[in-house]
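# Survey of secondary and tertiary structure
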Protein chains: 2
Amino acid sequence: MKKYALIVAGGSGTRMKSPFPKQFIDVNGKPLLMHTFQAFMNFDSNFEFVLVLPEGEIDTWKKLCENHSFSMKHLVVKGGKTRFQSVKNGLKQINEEGIVFIHDGVRPLVSAQTIANCFQTALRKGNALPVIAPSESVREVFNGQNKAVDRNRFFLVQTPQTFRIQLIQDAYNQEYLPEFTDDASVLENTGKKIYLVEGNRENIKITYPEDLKLASLLLY
Amino acid sequence: MKKYALIVAGGSGTRMKSPFPKQFIDVNGKPLLMHTFQAFMNFDSNFEFVLVLPEGEIDTWKKLCENHSFSMKHLVVKGGKTRFQSVKNGLKQINEEGIVFIHDGVRPLVSAQTIANCFQTALRKGNALPVIAPSESVREVFNGQNKAVDRNRFFLVQTPQTFRIQLIQDAYNQEYLPEFTDDASVLENTGKKIYLVEGNRENIKITYPEDLKLASLLLY
């Protein structure tokens, strides 16, 4: 059973107050994105990697790989205008059966346990979505009002969103809808049930300078 | 206009894997809880402090205050069996008009800006609740199913939950209901509209060892 990590890295550095795209920011001596590759290798050294990058960043990435003697084999694919199109471009490059883990490039703190949870459930059920319970109370806003809601009803969604390859390729043949906020919502729109598994709390999307400080403490 | 910080510290150290209650854990040379006091002093050095602690921890706290020559004047109040009862005990000690900021003892990273946002809105509207938008997709669970929901409809709630004193004292005279997950939900049940203001993303409730690492980077 082949395992593909489809890593999507399309972010800018705006909220990070960085001049570089945030996936290229140096953390403890190497670009954030390389730590993300390593997280998958920590689970299984036989991962196949597909990396989706904006066209304008591909040369920079290749130079970074040279400078850091980055040896993990991977296919680089040009991103699209939207995340939907970027993932679709990446999925098109996969021609074998197996499981694909679609993952944010700036989530280097995903644990081997989270990846294992996703893998086991996707194998049995066809898909797996890592989530965590919010540690805060939750409020819902509607018509200019807001009200407390039962936080036990809600989960925060992480990646890797994990699928049997054929299943998610078929789902991405749909026309794009604005409700497609992530890969699970694309599959869900075909009528499939989504299976939740436990994520890990540190598996944050590195977005703000504080996140980067935490990452530099936890990565090496 | 008097300003009261009612600080509620009833947590254990279980999820922190600490033998101490987490509010007493040392961060950069002083107990977490002292950093929380400092956050309010950074906004206004005229705050009045009411600290609610479990009965069994009051002696430890007094010793810590001595050891650290902690000089911020504060009233210590015995907590109740539930957070609701603890806050109620604290509110009973306030006999003046003004604004009360009800705050988790283990949120030392609240910014002066968040406190200012709360203060200004509570002055004008009677209450203010600091919130942040989730940075993740959100899923709702119901009847064993789950579905993607529009994350723009949801906010994660922080503290200090801020009120005109009389208003929240009256609300806490209600009988306890299980829906009372925070102070705003207690006021809301009396029919009052709740006003949301912007919190700050670092204002996390220190719960896990990773949170403590971040706090030690951001506090001094």
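## Details of the packing of helix 7 (residues 209-218) of chain A against helix 7 (residues 209-218) of chain B
Direction vectors running N to C along helix 7 of chain A and helix 7 of chain B enclose 115 degrees, while the axes themselves pass 10 Å from each other. Crossing geometry of helix 7 of chain A relative to helix 7 of chain B is assigned as right-handed. For the pair formed by helix 7 of chain A and helix 7 of chain B, the contact residues are E210, K213, L214, L217 and L218 of chain A on the first element and E210, K213, L214, L217 and L218 of chain B on the second. Classifying every residue of the contact of helix 7 of chain A with helix 7 of chain B by side-chain character gives 6 nonpolar, no polar and 4 charged.

## As for helix 2 (residues 58-67) of chain A
All names here are of chain A. Burial in helix 2 covers these residues: I58, W61, L64 and C65. Angularly, the buried residues of helix 2 cover 120 degrees about the axis, an arc narrow enough to put them on a single face. The exposed residues of helix 2 that point more than 90 degrees off its buried face are D59, K63, E66 and N67.

## Section: the relation of the copies chain B and chain A
At an RMSD of 0.0 Å, chain B and chain A line up after a rotation of 180 degrees and a shift of 0.0 Å along the axis. The transformation just described matches what one would write down for a two-fold rotation axis. Residue L214 of chain B, judged by its C-alpha, is the member of chain B lying nearest the rotation axis, at 2.9 Å. Of the interface residues in chain B, 100% have counterparts in chain A that sit at the interface too, so the contact is made through matching surfaces.

## Considerations on the packing of aromatic side chains
Inspection of the entire model under this criterion finds 33 aromatic pairs over all chains. Taking 5.8 Å as the distance between ring centres and 65 degrees as the angle between the ring planes, the aromatic pair formed by W61 of chain A and F70 of chain A counts as edge-to-face. Just as W61 of chain A is buried, F70 of chain A falls in that class too. Seen in terms of ring centroids, F47 of chain B and F101 of chain B are 5.2 Å apart; in terms of plane orientation they differ by 75 degrees. Their pairing is edge-to-face. Taken together, the residues span a long stretch of sequence, with F47 of chain B in the loop between helix 1 (32-43) and strand 4 (48-53) and F101 of chain B in strand 6 (residues 99-104) at a distance of 54 residues. Like F101 of chain B, F47 of chain B is buried. Through a chain of ring-to-ring contacts, three or more aromatic side chains come together here, namely F24, F37, F40, F43, F47, F49, W61, F70, F101 and F119 of chain A. Looking at K3 of chain A, its charged tip hangs above the ring of F119 of chain A, at a distance of 4.8 Å from the centre. Above the face of the F142 of chain A ring, K147 of chain A is positioned so that its terminal group lies 5.2 Å from the ring centre.

## Comments concerning the pairing of strand 8 (residues 137-142) of chain B
Judged from the 4 bridges that link them, strand 10 (residues 154-157) of chain A and strand 8 of chain B form a sheet pairing that is antiparallel. Residue pairing for strand 8 of chain B: L156 of chain A is matched across the bridge by V138 of chain B. Here strand 8 of chain B pairs with strand 9 (residues 145-149) of chain B via 5 bridges, running antiparallel. Among the inter-strand pairings, E140 of chain B is bridged to a residue of strand 9 of chain B, identified as K147 of chain B. Here strand 8 of chain B folds back onto strand 9 of chain B in antiparallel fashion, the turn holding 2 residues, of which N143 of chain B has a positive phi close to 50 degrees.

## Digging into the pattern of salt bridges
Residue and element names in this part refer to chain A. Within the structure shown, the criterion is met by 18 salt bridges over all chains. One salt bridge connects E96 with K2, and the closest N-O pair in it is separated by 3.3 Å. Taken together, the residues E96 in the loop between helix 3 (83-92) and strand 6 (98-104) and K2 in strand 1 (residues 2-8) connect sequence positions 94 residues apart. Classification of E96 as partly exposed rests on a relative accessible area of 39%. By relative accessible area, which is 31% here, K2 ends up partly exposed.

## Considerations on the confidence of the model for chain A
For any part of a model where pLDDT is low, the fine detail of the predicted coordinates should not be relied upon. Residues of chain A with pLDDT of at least 70 account for 98%, and the chain-wide mean is 94. Two summary scores accompany this predicted model of the complex, namely pTM at 0.89 and ipTM at 0.88.

## Observations concerning helix 3 of chain A
All names here are of chain A. Of all the 10 residues making up helix 3, 7 are buried; the element is thus mostly covered by neighbouring parts of the structure. Of all the residues in helix 3, the buried ones are F84, S86, V87, K88, N89, G90 and L91. The inward-facing, buried residues of helix 3 contact strand 1, strand 4 (48-53), strand 5 (74-78), strand 6, helix 5 (165-171) and helix 6 (183-188).

## Topic: the interface of chain B and chain A
On the chain A side, the residues contacting the 35 residues of chain B number 35 residues. Together, E136, S137 and R139 of chain B form the three largest contributors to the area buried by chain B at its contact with chain A, with a combined 19%. One salt bridge in this structure joins R107 of chain B and E136 of chain A, with 2.6 Å as the shortest N-O distance. Applying the counting rule to chain B against chain A returns 17 residue pairs in polar contact (both at pLDDT 80 or more).

## With respect to the pairing of strand 4 of chain B
Residues and elements named next belong to chain B. Burial runs high along strand 4: 5 of the 6 residues are buried. Pairing geometry for strand 1 (residues 3-8) and strand 4, over 5 bridges, is parallel. Bridge pairing in strand 4 links Y4 to E48. Where strand 4 and strand 5 (residues 74-78) come together, 5 bridges link them in parallel fashion. In the sheet register, F49 faces strand 5, and the bridge partner there is H74.

Rules used in this analysis
- Residues numbered from 1 in each chain as written.
- Chains lettered and ligands numbered in written order.
- Predicted model: local features only at pLDDT ≥ 70, side-chain atom pairs only at ≥ 80, totals over all residues.
- Heavy atoms only, no water.
- Axes fitted to C-alpha atoms, helices over the stretch in contact; angles between N-to-C directions.
- Helix = DSSP H or I, 4+ residues; strand = E, 2+ residues; numbered from the N terminus.
- Left-handed = near helix turned anticlockwise from the far one by under 90°.
- Contact = heavy atoms within 4.5 Å.
- Nonpolar A, V, L, I, M, F, W, Y, C, P; charged D, E, K, R; others polar.
- Buried < 20%, exposed > 50% of the residue type's maximum accessible area, 1.4 Å probe, protein only.
- Arc of directions from axis to C-beta.
- Least-squares fit on C-alpha atoms with pLDDT ≥ 70 in both.
- Phe/Tyr/Trp six-rings, centres within 6.5 Å; stacked < 30°, edge-to-face > 60°.
- Lys NZ or Arg CZ within 6 Å of the ring centre and 35° of its normal.
- Pairing = 2+ DSSP bridges.
- Salt bridge = Lys/Arg side-chain N within 4 Å of Asp/Glu carboxyl O.
- pLDDT = per-residue confidence, 0-100.
- Buried area = accessible area lost by both parts, 1.4 Å probe.
- Polar contact = N/O pair within 3.5 Å; in protein donor to acceptor, adjacent residues only side chain to side chain.

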